[in-house]
Amino acid sequence: MLVDSHCHLDRLKLGDRSLAEAIEEAQQRQVSHLLCISISDKNVEDVLQIAEQFEQVYASVGTHPLDIEEGAMSRERLTSLTARAKVVAVGETGLDYYYTKDTMQAQKDSFALHLEVAAETALPVVVHTREAKSDTLDLIARHGSRQSAGVLHCFTEDVAMASAALDLGYYISLSGIVTFKNAEALRDVAKFVPIERLLVETDSPYLAPIPYRGKPNEPKYVHEVAQYLAELKGMSFESFASATTDNFFNLFNRAIKLDECRSK
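The structure reproduced in this document is the subject of the present report. If you're wondering where the values come from, they're calculated on a predicted model, not measured in any experiment. (Residues numbered from 1 in each chain as written. Predicted model: local features only at pLDDT ≥ 70, side-chain atom pairs only at ≥ 80, totals over all residues. Heavy atoms only, no water.)

1. Regarding the overall build of the chain
Basically, it comes down to this: Each helix is a run of DSSP H or I of at least 4 residues and each strand a run of E of at least 2, with the numbering of both proceeding from the N terminus. Values of the radius of gyration come from C-alpha atoms, whereas the globule rule sets the reference at 2.2 Å times the count of residues to the power 0.38. Only protein chains enter the accessibility calculation, which uses a 1.4 Å probe; a residue is then buried when its area is under 20% of its type maximum, exposed when over 50%, and partly exposed in between. Throughout, a contact is declared for two residues whenever any of their heavy atoms are within 4.5 Å. Reported accessibility uses the Shrake-Rupley method at a 1.4 Å probe radius. Residues are deemed covered only where the shown protein chains occlude them. Neither His nor the chain ends is counted toward charge; the positive residues are Lys and Arg and the negative residues Asp and Glu. Think of each charge as sitting on NZ of Lys, CZ of Arg, CG of Asp or CD of Glu.
Within the chain, the regular secondary structure consists of 11 helices and eight strands. For the chain, the C-alpha radius of gyration of 17 Å lies close to 18 Å, the compact-globule estimate for 264 residues. Judged by the C-alpha coordinates and their principal axes, the chain covers about 40 × 40 × 35 Å. Across the 264 residues in the chain, those meeting the buried criterion constitute 56%. Once local pairs closer than 6 in sequence are excluded, the contacts in the chain between residues at least 24 apart make up 73%. For the chain, the computed accessible surface area is about 11,200 Å², with 47% contributed by carbon and sulfur atoms. One way to put it: in the chain the 27 positive side-chain charges average out to a point 2 Å from where the 39 negative ones average out.

Structure (structure tokens):
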């Protein structure tokens, strides 16, 4: 089975289909669990409600670097949210200098806060980073903890940054971008990262993999991402799926597999 380690279920546009149907379709394609990501104080309750409604869905709590002005969470608010049912991670947090550099300092302050709360609550961190390699690694080293090391999600940087993140205890998660024709550098990263530190995701509803590029992305398409990466790394699909699923539960150790949960 597979895990979609990063998706935005509250943002899916499904037309006549329900979210329950989309999750069922993912399960039919071997996606057994999903991590639904919060990006601000404005959507966190929606994310938590989805996680509480569906037993196979877990949640993160945090403020995306591009949402800090509209819905930045205070330390007290973020800390309180980490105690909610089904919360297994802090984030999505991090730095994004691609779209705006006007909020660089605010982004840094928010990222540092998230790293510190994660360390205090022993939760892994879901990190977004774009065109901010040095500052991302520096803040992780200064404000993070190896015990709460997390994942650089939807990774699009180079092998050097991946190597530095691995040294800090982080995992690397790859999305449908790795299937794009112009993503050769990212394929080098995929080959470099050891299988025991790799996760897969959709980042749905964004970044659908080939052959669905340009269409709305859904959790079921993590199957295509995993299949592509398994072939790239010279592994069977079954071995790759098993390894990345184990990685998810090793990292997000508050999450419990459904079969284990039901046996208790």
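2. A few points about helix H5 (residues 104-121)
For clarity, the cut-off: Given a helix with a known number of residues, its expected span is that number minus one, times 1.5 Å.
Its 18 residues place the ends of H5 26 Å apart at the C-alpha level, agreeing with the 26 Å of an ideal helix rising 1.5 Å per residue. Restricting attention to buried positions, one finds in H5 the residues Gln107, Ser110, Phe111, Ala112, Leu113, His114, Leu115, Val117, Ala118 and Thr121. A positive phi of about 60° marks Ala122, the residue just after H5.

3. Description of the pairing of strand E5 (residues 125-130)
Here is the rule: In this description, strands pair whenever DSSP reports at least two bridges between them.
With five of six residues buried, E5 is to be regarded as a mostly interior element. Taken together, the five bridges between strand E4 (residues 87-96) and E5 define a ladder with parallel strand orientation. When the sheet's bridge partners are listed, Asp96 is paired in E5 with Arg130. As paired strands, E5 and strand E6 (residues 151-152) are joined by two bridges and run parallel to one another.

4. Here we look at the side chain of His128
To keep it simple, the criterion reads: The definition of a polar contact used here is a pair of N or O atoms within 3.5 Å, where within protein one atom must be able to donate a hydrogen and the other to accept one, and adjacent residues in sequence count solely through side-chain atom pairs.
Among the secondary structure elements, His128 is positioned in strand E5. A polar contact is formed between the side chain of His128 and the side chain of Asp96, at a distance of 2.7 Å. Those residues in contact with His128 that lie beyond four places of it in its chain are His64, Pro65, Glu92, Thr93, Gly94, Leu95, Asp96 and His153.

5. Some points on the nonpolar core
Defined as follows: The nonpolar core is taken to be a set of buried Ala, Val, Leu, Ile, Met, Phe, Trp, Tyr and Cys residues, with the residues joined through side-chain atoms within 4.5 Å.
Leu9, Val57, Leu152, Phe155, Tyr170 and Ile172 are the most contacted members of the largest nonpolar core, which totals 70 residues. Here the element with the most residues in this core is H5; it accounts for six residues. Setting aside its immediate chain neighbours within four residues, Tyr170 contacts Leu115, Val125, Val127, Ile140, Ala149, Gly150, Val151, Leu152, Ala165 and Arg197.

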